[in-house]
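For reference, the chains in residue letters:
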Amino acid sequence: MKILVLNSGSSSIKYSLFEMDDLLVLASGFIEKIGEARSIHKYCLTDSYGEIKKMADTQPVSDHRQGLASIIQLMQKSGMINHASELSAIGHRVVHGGEKFHQPVMIDQAVLMEIKKMIPLAPLHNPANLMGIQETLKFSGGIPQIAVFDTAFHQSMPAYAFLYAIPKQFYEQKHIRRYGFHGTSHHYVAKQAAKFLNQPLHSLNLITLHLGNGGSVTAIKQGKSVDTSMGMTPLEGLIMGTRSGDIDPAIPFYLNQNYGMSSEEINAMLNKKSGLKGICGENDMRTIHAMADAGDKDALLAIDMYCYRIKKYIGAYCAVLGKVDALVFTGGIGENDGQMRKTICDDLSLFGLSIDLHKNAMASTKTIDIKDKNSTLSILVIPTDEELEIAMQTMICVEKSNISQ
Ligand code: ADP
């Protein structure tokens, strides 16, 4: 069973082709700068010996339709499929599913309308996701298309966690509430944690930290998300590469009233110029470490602020969950940056957390437990794989629909 996973951005398409029988990635790639004179298509192909070949192409890709056609062509040329109809399903990442979607769904006209309705809540992402789906529908004939939502995993949050304490009609009429994001990643690593700990997910309480360019933390009780740091948009919560995370909500009014900043300027400032970049001028953690090692005070401050915010959330979510079985690190920083993991876990022995410095310093591409013998909970480092999770969810959705037919 071959499943293609597509993640369509406004000027990019990320894709992976999976052979689901052995969960093998046959091809994966990224087309960026769509619509520009020099679009870049980077891709990896796995040959029949399991060898991975990396390649790049810089031919112009005028729009998503052409981008999708070149992905299909590539798969045909490399012998992975003879025709698009050999795909068993196509799974699409959709950022915002609002309150409507608790799980992946087979795409039809009604689903497309709902994704469209959600555009005001995710103006940067949903239009691009929608365009990717619509273009795919044009060439894919009867191949089942499944939408997998970033927000779906968090739909289990109780009202006292997802509501903001503003007049209730803003929720009832304008849908203002916490939705949470990175759900596919939090769900995937939670399932991997359950596998590693050899316990059913529904018996586990976890705190999952997805630390990449964007970052979020989720409290998982008996396998279900009960709170998460991102809110109505991905701006709330942790300090991120370029996003501020939590701030006093009065700051935008202050800037508007006293400095005449427009809502667009404030929006851009909070989303694109804040976070680590706002503090030390850089948003890539590896660069920030290099600056800190050279004594740059702002880089040191950015690292301290970043870890401090995460510690506050871990403390809060320990209180929310009562009992925690494991803290899980994932995402580019969570998976690779032992120094940050150590700083985050330092002084958290109150919550039973204690890290083994030797294990923490080891690089691993597989799940590892870096707790020491004094830790009362596991501290897991788990590589996330959002594409594989989308492929698996897609397969389950197709199988369910076949059974119900
Ligand atoms: P995205 O949210 O774009 O998917 P990633 O999960 O790839 O982001 O994470 C990007 C972040 O991970 C960057 O800040 C990058 O510096 C950091 N990162 C990646 N590899 C390492 C590493 N080996 N050590 C420290 N940080 C790393």
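Structural data are supplied above this passage.
Basis of the calculations
Residues numbered from 1 in each chain as written. Predicted model: local features only at pLDDT ≥ 70, side-chain atom pairs only at ≥ 80, totals over all residues. Heavy atoms only, no water. Helix = DSSP H or I, 4+ residues; strand = E, 2+ residues; numbered from the N terminus. Buried < 20%, exposed > 50% of the residue type's maximum accessible area, 1.4 Å probe, protein only. Polar contact = N/O pair within 3.5 Å; in protein donor to acceptor, adjacent residues only side chain to side chain. Salt bridge = Lys/Arg side-chain N within 4 Å of Asp/Glu carboxyl O. Pairing = 2+ DSSP bridges. Near = heavy atom within 4 Å. Areas by Shrake-Rupley, 256 points an atom, 1.4 Å probe, with all protein chains shown as cover. Nonpolar A, V, L, I, M, F, W, Y, C, P; charged D, E, K, R; others polar. Phe/Tyr/Trp six-rings, centres within 6.5 Å; stacked < 30°, edge-to-face > 60°. Lys NZ or Arg CZ within 6 Å of the ring centre and 35° of its normal. Contact = heavy atoms within 4.5 Å. Axes fitted to C-alpha atoms, helices over the stretch in contact; angles between N-to-C directions.

A. Summary view of the environment of Asp 385. Relative to the helices and strands, Asp 385 resides in the loop between β14 (378-381) and α15 (386-404). Take Asp 385: its relative accessible area is 24%, and that puts it in the partly exposed class. When the C-alpha atoms of Asp 385 and Thr 330 are compared, they prove to be 9.7 Å apart, with 55 residues separating the residues in sequence. In terms of polar contacts, Asp 385 uses its side chain to reach the backbone amide nitrogen of Leu 388, at 3.0 Å.

B. View of the pattern of salt bridges. Enumeration over the complete set of coordinates arrives at 14 salt bridges. Taking the shortest distance from any N to any O, the salt bridge between Arg 286 and Asp 284 comes out at 3.4 Å. On the basis of relative accessibility, which here comes to 67%, the residue Arg 286 falls in the exposed class. Assessed through its relative accessible area of 29%, Asp 284 is described here as partly exposed. A single network of salt bridges, built from pairs that share partners, joins Arg 65, Glu 135 and Lys 138.

C. Broad picture of the sheet that holds strand β13 (residues 368-369). The 6 strands lie next to each other as β11-β10-β9-β12-β14-β13, forming an open sheet whose pairing is mixed. The open sheet terminates on both sides in strands that have one partner only, identified here as β11 (224-228) and β13. Where strand β9 (residues 206-211) and strand β12 (residues 326-330) come together, 5 bridges link them in parallel fashion. Bridge pairing links Leu 209 to Phe 329 in β12.

D. Quick peek at unusual backbone geometry. Even without a glycine there, the phi angle at His 182 is positive, about 55°. Locating His 182 in the fold gives a position in the loop between α5 (169-174) and α6 (183-197). Take His 182: its relative accessible area is 11%, and that puts it in the buried class. In this structure, Asp 347 is a non-glycine residue whose phi angle is positive, near 65°. Its location among the elements puts Asp 347 in the loop between α13 (338-345) and α14 (357-361). The class for Asp 347 is exposed, based on a relative accessible area of 72%.

E. Structural context of the site of the ligand. All residues adjacent to the ligand are Gly 212, Asn 213, Gly 214, Asn 283, Asp 284, Met 285, Arg 286, Gly 331, Gly 332, Ile 333, Asn 336 and Asp 337. At 2.6 Å from an oxygen atom of the ligand is found a side-chain nitrogen or oxygen belonging to Asp 284. Look at the ligand: alone it shows 580 Å² of surface, and the protein chains cover 66% of it. Of all the secondary structure elements, the ones that give two or more residues to the shell around the ligand are α10 (285-293) and α12 (331-336). Residue contributions to the shell around the ligand peak at 4 residues, all from α12. Of the residues that constitute the shell around the ligand, the class distribution is 2 nonpolar, 7 polar and 3 charged.

F. Layout of the packing of aromatic side chains. As enumerated under the stated definition, the model contains 4 aromatic pairs in all. A centroid spacing of 5.7 Å and a plane angle of 55° characterise the contact between Phe 162 and Tyr 171, whose relative ring orientation is tilted. Over the aromatic face of Phe 162 sits the side chain of Arg 177, whose NZ or CZ is 3.6 Å from the ring centroid. A cation sits over an aromatic face here: Arg 177 above Tyr 179, 4.9 Å from the ring centre.

G. How the structure looks around the sheet that holds strand β7 (residues 105-106). The mixed open sheet is built from 8 strands, whose spatial order is β5-β4-β3-β2-β1-β6-β8-β7. Sheet topology places β5 (52-57) and β7 at the edges, where each strand pairs with a single neighbour. As paired elements, strand β1 (residues 2-8) and strand β2 (residues 13-19) share 7 bridges and run antiparallel to each other. Across the sheet, the residue bridging to Asn 7 is Lys 14, located in β2. Sheet contacts for helix α1 (residues 64-77): β1, β2, β3 (24-32) and β4 (40-46); angle to β2, the most-contacted strand, approximately 30°.

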